[in-house]
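Given next are the chains, with one letter for each unit.
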Amino acid sequence: FKTLWLSYIDPAGANEPSEKLTCGVAKSAVMDAVMDWLGTPYHFGGTSRNGIDCSAFVRAVFNQSANIVLPRTAQSQSDVGRAVARVSDLQFGDMVFFHTMSHAYVSHVGIYLGDNLFAHASSRYGVTISSLQSTYYGSRIIGARRLSVSDIESLTPKQEFVTDTR
């Protein structure tokens, strides 16, 4: 599925589309991470294979694929990167945000895969793939964000180098 999907969203052709996201992360690494988490049960506040919520899933995918450390909540993740103007401008790897609860404006997040599909941790189905064209998600999408190279630089932990002083 992963190979088919990547070839579908990034076919070789006249324009030679990039095999990387705008921020430089390999699309295949993101898709590997998404596939790795598929089927994981949902648990509000969860961050592990035993149960994970939507923002922890998005955080785990980017951490696993590129050592990127995103904020923990959907609300705080909605402040990272640059806004995508229209749903029709979405690209693979963009974070998509939803208003699904009355007490929080940004209450759900997923990762756009292309063809109006996105990966997320659903409270009903666990980590799954859903359509933005569904009645539920289509009426609740409120925005999307795209990571840039400068975002990645600020979200990647700095490695400390120890030099030999002998």
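See the structure above.
None of these values were measured; they are calculated from a predicted model.

S.K.: Account for helix α2 (residues 27-37), naming residues and giving values.
M.R.: Note that an α-helix has 3.6 residues per turn; residues three or four places apart therefore point the same way. Within the span of α2, buried status applies to K27, V30, M31, A33, V34 and W37. Along the axis of α2, the buried residues cluster in a sector spanning 160 degrees; they form a single face. Immediately downstream of α2, the backbone of G39 shows phi near 90 degrees, a positive value.

S.K.: Please provide a residue-by-residue account of the pattern of salt bridges, values included.
M.R.: All chains considered together, the criterion is met by four salt bridges. Between R86 and D89 there is a salt bridge, with its nearest N and O atoms 3.3 Å apart. With relative accessibility at 52%, the residue R86 sits in the exposed group. The class for D89 is partly exposed, based on a relative accessible area of 28%. Here D94 and R146 are joined by a salt bridge, their closest N and O atoms 2.8 Å apart. Of the two residues, D94 sits in the loop between β3 (82-83) and β4 (95-98) while R146 sits in strand β8 (residues 141-146), which places them 52 residues apart along the sequence. Classification of D94 as buried rests on a relative accessible area of 2%.

S.K.: Can you lay out the packing of aromatic side chains for me, pointing to particular residues and giving the numbers?
M.R.: Geometry of an aromatic ring pair is reported as the spacing of the ring centres plus the angle between the planes. If you walk through the whole model with that rule in mind, you get four aromatic pairs. Of the aromatic side chains, those joined through ring pairs into one cluster are F98, F118, Y136 and Y137. Its guanidinium or amino end placed over the ring of W37, R49 lies 3.8 Å from that ring's centre, counting from NZ or CZ.

S.K.: Describe in detail the sheet that holds strand β5 (residues 108-114), supporting the description with residues and values.
M.R.: Pairing is antiparallel across the open sheet formed by six strands, whose spatial order is β3-β8-β4-β5-β6-β7. Every other strand in the sheet has two partners, leaving β3 and β7 (126-131) as the edge strands with one partner each. In this fold helix α3 (residues 54-66) packs onto β4, β5, β6 (117-122) and β7, with an angle of close to 45 degrees to the strand it touches most, β5.

S.K.: Quick rundown of the side chain of S55? Include the residues and the values.
M.R.: One can find S55 in helix α3. What makes S55 buried here is its relative accessible area of 5%. Setting aside residues no more than four positions away along its own chain, S55 makes contact with R72, T73, A74, Q77 and V109.

Conventions adopted
- Residues numbered from 1 in each chain as written.
- Predicted model: local features only at pLDDT ≥ 70, side-chain atom pairs only at ≥ 80, totals over all residues.
- Heavy atoms only, no water.
- Buried < 20%, exposed > 50% of the residue type's maximum accessible area, 1.4 Å probe, protein only.
- Helix = DSSP H or I, 4+ residues; strand = E, 2+ residues; numbered from the N terminus.
- Arc of directions from axis to C-beta.
- Salt bridge = Lys/Arg side-chain N within 4 Å of Asp/Glu carboxyl O.
- Phe/Tyr/Trp six-rings, centres within 6.5 Å; stacked < 30°, edge-to-face > 60°.
- Lys NZ or Arg CZ within 6 Å of the ring centre and 35° of its normal.
- Pairing = 2+ DSSP bridges.
- Contact = heavy atoms within 4.5 Å.
- Axes fitted to C-alpha atoms, helices over the stretch in contact; angles between N-to-C directions.

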